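Reading the structure
Take a look at the letters that make up each chain.
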Amino acid sequence: MKLSKFIKNKNHLDRHNVIIIDKPGNEVISESFNRLKDNILFFNADNNIKVIQISSSTACEGKTTVISNLAVTLAKNELKVLLVEGDLRSPRAHRPFNLECENGLYDYILQNKQLKDIVKHTTYGVDVVTRGDKIENPSAAISSQKFKDLILAAREVYDYVLIDCPPVLEISDYIHTSACADGTIFCVAYGVTKKHNVKEAIELLKQGNINILGSVYTMVDNAHAKAYGNNRYYGYYYHNEE
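Reference entry: report on the structure contained in this document. (Residues numbered from 1 in each chain as written. Predicted model: local features only at pLDDT ≥ 70, side-chain atom pairs only at ≥ 80, totals over all residues. Heavy atoms only, no water.)

1. Some thoughts on the overall build of the protein chain
Of the regular secondary structure elements, the protein chain holds eight helices and nine strands. Among the 242 residues that make up the protein chain, the fraction classed as buried is 55%. Summarising the internal contacts of the protein chain: among those between residues at least 6 apart in sequence, 77% fall at separations of at least 24. If you sum the accessible surface of the protein chain, you get close to 11400 Å²; carbon and sulfur atoms cover 46% of it. (Helix = DSSP H or I, 4+ residues; strand = E, 2+ residues; numbered from the N terminus. Buried < 20%, exposed > 50% of the residue type's maximum accessible area, 1.4 Å probe, protein only. Contact = heavy atoms within 4.5 Å. Areas by Shrake-Rupley, 256 points an atom, 1.4 Å probe, with all protein chains shown as cover.)

This is the structure we're talking about:
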């Protein structure tokens, strides 16, 4: 069942991982992220979904753009939100907020710092945990008890914890982060992601008994959307498999 749809103008959205919902002229985008946020809140009426990981089948499907703008939208709803870098090989979660990558998970896991010592505050009301220095064994770090302890500690402080995960078909770290998460949102780049890749990735998630909350279509070509004339637009769709 399709739950929401939001459309992005090509001129305002690119692959630079930016916060786009607060840009002038992006009211349609902002409203669409609000719908996505409302869908999450609706499905979480029992407050049993606090930690959400966001992934995709392959790289460059827009998941960091989705997770960062979703985090800001949740924060605008007066919710405490923490965004955690879960892609330790190719970290990008810090970029939309113009943060430095230093002082993050590396320091928490390997230098025994506390959560409060590595959290970075942003002007958007979203807190971020970056990767920090390069971690030589990312899989060991992300599957460690220290990472689990970090997420447990974050649950006590934040309303929502969002984990930016690596692609399912490229790195198996999603299995380890899913052990800490209550569900997964799966990104699919319209016209880019191959159907067989989506099918394979979804099968892997199901084999791992991972709770798939829904999927988000990114980079949708809505050239035929009459309401928006002849302009080329990009959009996202959020839906539940059921």
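2. Focus on the pattern of salt bridges
Tallying each qualifying case throughout the model produces five salt bridges. With a shortest N-O distance of 2.9 Å, lysine 37 and aspartate 38 are connected by a salt bridge. For lysine 116, the salt bridge goes to aspartate 117, with nearest N and O atoms at 3.3 Å. You can call lysine 116 exposed: its relative accessible area is 67%. A relative accessible area of 35% places aspartate 117 in the partly exposed class. (Salt bridge = Lys/Arg side-chain N within 4 Å of Asp/Glu carboxyl O.)

3. A few points about helix α2 (residues 63-76)
Taking 1.5 Å of rise per residue, 14 residues should cover 20 Å, and α2 covers 20 Å from first to last C-alpha, within 8% of that figure. Across the 14 residues of α2, 13 count as buried, placing the element largely inside the fold. Glutamate 78 occupies a position one or two residues after α2 and carries a positive phi of about 60°. (Expected span 1.5 Å × (residues − 1).)

4. What about the nonpolar core?
Core analysis: the largest hydrophobic core is formed by 31 residues, its most contacted members being Ile52, Leu83, Phe97, Val126 and Leu162. Listed by contribution, the elements that provide at least two residues to this core are α1 (27-43), β2 (51-56), α2, β3 (81-85), β5 (126-129), β6 (160-164), β7 (183-189) and β8 (212-218). Setting aside residues up to four positions removed in sequence, phenylalanine 97 forms contacts with Ile19, Ser68, Val72, Leu83, Thr122, Tyr124, Val126 and Val128. If you look at the next biggest cluster of nonpolar residues, it comprises 24 residues, including Tyr108, Val119, Val129 and Leu150. (Core = buried A, V, L, I, M, F, W, Y, C linked by side-chain atoms within 4.5 Å.)

5. Observations concerning unusual backbone geometry
Backbone geometry places glutamate 78, a non-glycine residue, at a positive phi of 60°. Take glutamate 78: it is sitting in the loop between α2 and β3. Residue glutamate 78 is classed as exposed on the basis of its relative accessible area of 76%. Located in the positive-phi region is asparagine 98, a residue other than glycine, with phi close to 55°.

6. Observations concerning the side chain of threonine 193
Considering the arrangement of structural elements, one finds threonine 193 in the loop between β7 and α8 (195-207). What makes threonine 193 buried here is its relative accessible area of 14%. Side chain to side chain, threonine 193 and glutamate 61 meet in a polar contact 2.4 Å long. Discounting chain neighbours no more than four positions away, the residues touching threonine 193 are Ser57, Glu61, Val188 and Val198. (Polar contact = N/O pair within 3.5 Å; in protein donor to acceptor, adjacent residues only side chain to side chain.)

7. Observations regarding the pairing of β8
Regular strands place their side chains on alternate faces of the sheet. A large share of β8 lies buried, amounting to six of its seven residues. Two strands pair when backbone bridges link them, and β7 and β8 are joined in this way by six bridges, in the parallel orientation. Considered in β8, the bridge of threonine 184 is made with isoleucine 212. On the question of chirality, the crossover connecting β7 to the parallel β8 by way of α8 is right-handed. (Pairing = 2+ DSSP bridges. Right-handed = clockwise from strand over helix to strand, strands pointing away.)

8. Section: the environment of lysine 37
Residue position: lysine 37 is located in helix α1. Lysine 37 gets classed as buried once you look at its relative accessible area, which sits at 7%. In the structure, lysine 37 is positioned 35 residues away from valine 72 in sequence and 10.0 Å away in space, judged by C-alpha atoms. Not counting the four nearest positions on each side in its chain, lysine 37 is found in contact with Leu70, Thr73, Leu74 and Asn77. A distance of 3.4 Å separates a polar atom in the side chain of lysine 37 from a polar atom in the side chain of asparagine 77.

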